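# Observations on chain architecture
Residue strings, one per chain:
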Amino acid sequence: RESAKAEQYAAQVAKVQDAYVTVKRDFEMYEKRAQKEKIDAKTSGKGEALKKLMPMIDAFSAAFDEIDPQTQGEKDIDEAYRTLYRQMIDIFKTEGLEEVGATGEEFDPEKHNAVDQEYTDTEPDGVVMQVFRPGFSIDGRLIRAAYVSVSDNPRDRAEKEAAQAEANAAAAAKKGEEMEKQMEKAKAVAEAAEGKEGEEGEKAPEEPAGGEEATE
C-alpha cells in the first residue's frame, strides 16, 4: 500500500512539473511575441512620422540640384542650407533612418524602383547609374523605394548569362554523378543481399520426405 501511495505521489509531482514546464514555455513565447509586436509597432510609428517629412527632404534635394550659386553670398547661403540638411538627416538617422539607393550598387527590386535605363559598354549590367529620388528605410524596414536609372550592358549581360548557364550545367552534372553513385551503391547492396540469401538456402538441412518412417 505504501508503495502504491509513493507511486501515486510521484505521478502527481510529474504532472505538476510538466504543467510548470508548459506554462513557463508558453509565457516565454508570449514575452517574445509581445516584445516583437512592441518593436514592430514602434518601427511602424516612426516610419509613418518620417513619411510625412519625405516631401521636405525631397524639396531640399531638388533645390540643391537646381540652384547654381554664383556669388560668394549665394555660395554661403547654399552651404548653410546644405549644412542644415545634413544635420536634419543626422537627427533622423538617430531614429533608425537610413538612405537607400547609391550609384554603382547592384539593382535590387526590393529597394529600387527603375524609372529609366541607360545603355553602357563600360559599366556592368544591372547597376544603379543615377539616383533620381533617394529611398529610405527605418530600422531596416523599407518605407520608400529609391527611384533610379539602371545600366543596360548587353555584352556583360550575355557573359553573365553564359557563366550562369555553365554553372547550372556543372551543378546538374555533379548531381547526376552523385545519383549514379547512389544507384551503384544500392545495386551493390541488393546483389550482396541476394548472394547471402542464396548461401543460406544452400546450407539449410534437407527435411525427410513425408510419410517415411525412420528404420531401426
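Residues numbered from 1 in each chain as written. Predicted model: local features only at pLDDT ≥ 70, side-chain atom pairs only at ≥ 80, totals over all residues. Heavy atoms only, no water.

Further remarks concern the packing of aromatic side chains. Scanning the entire structure with this criterion turns up zero aromatic pairs. Stacked on the ring of Tyr147, the Lys or Arg Arg133 has its end atom at 4.1 Å from the ring centre. (Phe/Tyr/Trp six-rings, centres within 6.5 Å; stacked < 30°, edge-to-face > 60°. Lys NZ or Arg CZ within 6 Å of the ring centre and 35° of its normal.)

As a further point, take a nonpolar patch on the surface. There is a patch of nonpolar side chains on the surface, built from Ile77, Tyr81 and Leu84 and spanning about 310 Å² of accessible area. Positionally, Tyr81 belongs in helix α3 (residues 72–94). (Patch = residues over 30% accessible without salt bridge, like charges linked within 9 Å, V, L, I, M, F, W, Y side chains within 5 Å. Areas by Shrake-Rupley, 256 points an atom, 1.4 Å probe, with all protein chains shown as cover. Salt bridge = Lys/Arg side-chain N within 4 Å of Asp/Glu carboxyl O. Helix = DSSP H or I, 4+ residues; strand = E, 2+ residues; numbered from the N terminus.)

This part is about the side chain of Ser137. Within the secondary structure layout, Ser137 lies in strand β4 (residues 135–138). Beyond its immediate stretch of four places on either side in the chain, Ser137 contacts Gly96, Leu97, Glu98, Val100, Leu142 and Ile143. (Contact = heavy atoms within 4.5 Å.)

Here we take up the side chain of Asp78. By the secondary structure assignment, Asp78 is in helix α3. Only 2.9 Å separates the side chain of Asp78 from the side chain of Arg82, close enough to count as a polar contact. Beyond its immediate stretch of four places on either side in the chain, Asp78 contacts Phe64 and Pro69. (Polar contact = N/O pair within 3.5 Å; in protein donor to acceptor, adjacent residues only side chain to side chain.)

Averaged over all residues, the pLDDT of the protein chain equals 76, while 67% of them reach at least 70. When mean pLDDT is taken per element in the protein chain, strand β6 (residues 146–152) scores highest with 93 and helix α1 (residues 2–51) scores lowest with 64. (pLDDT = per-residue confidence, 0-100.)

A few words on the pairing of β6. Extensive coverage of β6 is indicated by the burial of six of its seven residues. Pairing geometry for strand β2 (residues 112–119) and β6, over seven bridges, is parallel. What sits directly across from Asp116, in β6, is Ser149. In terms of strand pairing, strand β3 (residues 128–133) meets β6 through four bridges, oriented antiparallel. By the bridge assignment, Val128 is partnered in β6 with Val150. (Buried < 20%, exposed > 50% of the residue type's maximum accessible area, 1.4 Å probe, protein only. Pairing = 2+ DSSP bridges.)

On to the sheet that holds strand β5 (residues 141–144). Pairing in this open sheet of three strands is antiparallel, and the strands run β1-β4-β5 from one edge to the other. Each of the sheet's edge strands pairs with one partner strand only, and the pair in question is β1 (97–100) and β5. This sheet shows a mean twist of 35 degrees between the axes of neighbouring strands, independent of strand direction. Where β4 lies against β5, three bridges are found, and the strand directions are antiparallel. Bridge pairing in β5 places Phe136 opposite Arg144. (Axes fitted to C-alpha atoms, helices over the stretch in contact; angles between N-to-C directions.)

So, on to the pattern of salt bridges. Close approach of charged atoms allows side chains with opposite charge to pair. All chains considered together, the criterion is met by five salt bridges. Ionic pairing is found between Arg157 and Asp125, a salt bridge with its closest N-O pair at 2.8 Å. With Arg157 in helix α4 (residues 154–203) and Asp125 in the loop between β2 and β3, the pair connects residues that are 32 residues apart, well separated along the chain. Under the relative-accessibility criterion, Arg157 is labelled partly exposed at 30%.

This part takes up α3. Between its first and last C-alpha atoms α3 spans 33 Å; for 23 residues at 1.5 Å apiece the expected length is 33 Å, and the two agree. After α3 finishes, the residue Gly96 shows a positive phi value of roughly 95 degrees. (Expected span 1.5 Å × (residues − 1).)

Moving on, we get to the packing of helix α2 (residues 54–66) against α3. Close contact between α2 and α3 brings their axes to 11 Å; oriented N to C, the two are set at 150 degrees. Classified by the interaxial angle, the pair formed by α2 and α3 is roughly antiparallel. For the element pair α2 and α3, the recorded crossing hand is left-handed. Only Asp78, Tyr81, Arg82, Leu84, Tyr85, Met88, Ile89 and Phe92 of α3 make contact with α2, whose side of the interface consists of Met56, Ile57, Phe60, Ser61 and Phe64. (Parallel < 35°, antiparallel > 145°, perpendicular 65-115°, else oblique. Left-handed = near helix turned anticlockwise from the far one by under 90°.)

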